[in-house]
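# Per-entry structural report
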Amino acid sequence: MKTIKKAIIPAAGLGTRFLPATKAMPKEMLPIVDKPTIQYIVDEAIASGIEDILIVTGKGKRSIEDHFDNNFELERNLMDKGKFELLEKVKEPSEVDIHYIRQKEPKGLGHAVWCARKFIGDEPFAVLLGDDIVQADKPALKQLIEQYEETERSVVGVQKVPENETSRYGIVDPCTIEGRRYQVSHFVEKPAPGTAPSNLAIMGRYIFTPEIFTFLDKQEIGAGGEIQLTDAIQELNETERVYAYDFEGKRYDVGEKLGFIRTNLEFALQNEEIGEEVERVVRDLLMEKERAKL
Ligand code: UTP
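A brief structural summary. Treat the numbers as computed from the prediction; the structure is a model and nothing was measured. (Residues numbered from 1 in each chain as written. Predicted model: local features only at pLDDT ≥ 70, side-chain atom pairs only at ≥ 80, totals over all residues. Heavy atoms only, no water.)

### Overview of the overall build of the protein
Helix and strand counts for the protein stand at eleven helices and 13 strands. Taking 2.2 N^0.38 as the reference for a compact globule, 294 residues should give roughly 19 Å; the C-alpha atoms of the protein span a radius of gyration of 20 Å, in line with that estimate. Expressed along its principal axes, the backbone C-alpha trace of the protein runs to roughly 60 × 55 × 35 Å. Across the 294 residues in the protein, those meeting the buried criterion constitute 47%. In the protein, the proportion of contacts linking residues at least 24 apart, taken out of those at least 6 apart, comes to 76%. When the accessible surface of the protein is summed, it comes to about 15,700 Å², and 50% of that surface belongs to carbon and sulfur atoms. (Helix = DSSP H or I, 4+ residues; strand = E, 2+ residues; numbered from the N terminus. Rg over C-alpha atoms; globule rule 2.2 N^0.38 Å. Buried < 20%, exposed > 50% of the residue type's maximum accessible area, 1.4 Å probe, protein only. Contact = heavy atoms within 4.5 Å. Areas by Shrake-Rupley, 256 points an atom, 1.4 Å probe, with all protein chains shown as cover.)

Laid out in structure tokens, this is it:
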């Protein structure tokens, strides 16, 4: 069996939900407290045993490459000032090689993954999206890799979402349940409100066999005017089983404004350095608001 050593992180979207912040800065570089979202994703891939990461970038995404590169001037400065803890935090990750490819036009997530086909070759691989950060005892991607090792089939990470949110996600229609793992009869992208076959939503973690490229090759523009990954997954599932796995862990949606603010607040409250003060600030703000109502 081939092991999963390569991962793709698509990061070439326009990030329109965060405009104007994302006019000149990639949304993947927006920080959660003091770390860009994409670094949480790279850290999860490393903790799951990934050795090579391909980041699919687009126009205006240079800062992502700079972020994962050495910055000798900064490192020298921190060294001279004896700021060794910070120095460790800014060093290029040594456990993994990071590669880049450009998606010339943001034609959708399916197209972004297709751009990585030559890098992947004939191996199973992982895909991680920066819209979801997961805190878990065992990294979410590692949980999916273990499922792949048992089944040797593609596995899509899912979690349950409230019924009124299903139209925002790719949704699976499960047929057979084996613990946390599901066989799936259908994958549907952003079903119209009230028509979702379940509340099991596809989160941004996937393992694919290379056969997915056969279907991505054929994909045409789907829902939202983009080449949809979910459509290719549905086709793959018709020839070779694709499992859904309800991974353990708390998932934070950082791809939209409210989720992003909430995640920042939660992570700030957990932060050793500023957590207590953040709690005080939040209480003060709420009290001020109450007083203003009187
Ligand atoms: P999203 O739909 O969440 O990202 O895609 P977006 O399009 O940048 O965001 P909005 O909706 O305009 O606010 C999920 C992931 O897929 C990548 C995005 O960068 C994001 O990480 N993506 C999306 C691509 O790499 N290429 C695309 O053409 C579309």
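### Section: the pairing of strand 12 (residues 242-246)
Look at any regular strand and the pattern is simple: side chains alternate between the two faces of the sheet. Among the five residues that make up strand 12, five are buried, leaving the element largely enclosed by the rest of the structure. Across the two faces of strand 12 the burial is the same, with V242, A244 and D246 and Y243 and Y245 all buried. Strand direction decides the pairing type here: strand 8 (residues 154-160) and strand 12, joined by five bridges, are parallel. Note that in strand 12 the partner of S154 across the bridge is V242. (Pairing = 2+ DSSP bridges.)

### Structural notes on the packing of aromatic side chains
Per the counting criterion, the structure on display carries six aromatic pairs. Judged by centre distance (5.6 Å) and plane angle (80°), the rings of Y40 and F267 are edge-to-face. Here Y40 is found in helix 1 (residues 37-47), whereas its partner F267 is found in helix 10 (residues 257-270), with 227 residues between them in sequence. Here the two residues Y40 and F267 agree in accessibility, since each one is buried. Ring plane angle 50° and centroid distance 5.8 Å describe the contact between F125 and F208, whose orientation is recorded as tilted. Here F125 is found in strand 6 (residues 125-128), whereas its partner F208 is found in strand 11 (residues 200-208), with 83 residues between them in sequence. Judged by its relative accessible area of 0%, F208 is buried. (Phe/Tyr/Trp six-rings, centres within 6.5 Å; stacked < 30°, edge-to-face > 60°.)

### Quick look at a negative patch on the surface
A surface patch of negative charge is lined by D66, D69, E92 and D97. By secondary structure assignment, the location of D97 is in strand 5 (residues 97-102). (Patch = residues over 30% accessible without salt bridge, like charges linked within 9 Å, V, L, I, M, F, W, Y side chains within 5 Å. Salt bridge = Lys/Arg side-chain N within 4 Å of Asp/Glu carboxyl O. Lys, Arg positive; Asp, Glu negative; His and termini not counted. Charge placed at Lys NZ, Arg CZ, Asp CG, Glu CD.)

### Digging into the site of the ligand
Near the ligand lie 17 residues; those nearest to it are G15, T16, Q103, G108 and D131. One of the backbone N or O atoms of A11 is found 3.5 Å from an oxygen atom in the ligand. Separating an oxygen atom of the ligand from a side-chain N or O atom of K27 is a distance of 3.1 Å. Expressed as a share of its isolated accessible area of 560 Å², the protein-covered part of the ligand is 88%. Considering only residue class, the shell around the ligand consists of seven nonpolar, five polar and five charged. (Near = heavy atom within 4 Å. Polar contact = N/O pair within 3.5 Å; in protein donor to acceptor, adjacent residues only side chain to side chain. Nonpolar A, V, L, I, M, F, W, Y, C, P; charged D, E, K, R; others polar.)

### Some words on the pattern of salt bridges
As enumerated under the stated definition, the model contains 25 salt bridges in all. The partner of R168 in a salt bridge is E165, and the shortest N-O contact between them spans 3.7 Å. Given the relative accessible area of 24%, E165 is considered partly exposed. Of the charged contacts, one joins E266 and R262 as a salt bridge, the two residues approaching to 3.2 Å between their closest N and O atoms. You can see E266 and its partner R262 sitting in helix 10, four residues apart, about one turn around the helix. A relative accessible area of 17% means that E266 is categorised as buried. What emerges from the salt-bridge pattern is a single network uniting D132, E165, R168, R251 and D253.

### Observations regarding a positive patch on the surface
A cluster of basic residues, K59, R102, K104 and K118, forms a positive patch at the surface. Along the chain, R102 falls in strand 5.

### Re the packing of helix 10 against helix 11 (residues 275-293)
Where helix 10 meets helix 11, the axes come as close as 6 Å, and the angle between the chain directions of the two elements is 130°. Judged by the angle between their axes, helix 10 and helix 11 are oblique. The segment helix 10 lies against helix 11, with L265, A268 and L269 engaging G275, V278, E279 and V282. A class-by-class count of the residues in the contact of helix 10 with helix 11 yields five nonpolar, one polar and one charged. (Axes fitted to C-alpha atoms, helices over the stretch in contact; angles between N-to-C directions. Parallel < 35°, antiparallel > 145°, perpendicular 65-115°, else oblique.)

### Overview of the environment of E178
Note that E178 resides in strand 9 (residues 170-178). Residue E178 is classed as partly exposed on the basis of its relative accessible area of 30%. For E178 and Y245, which are 67 residues apart along the polypeptide, the C-alpha to C-alpha distance reads 9.5 Å.

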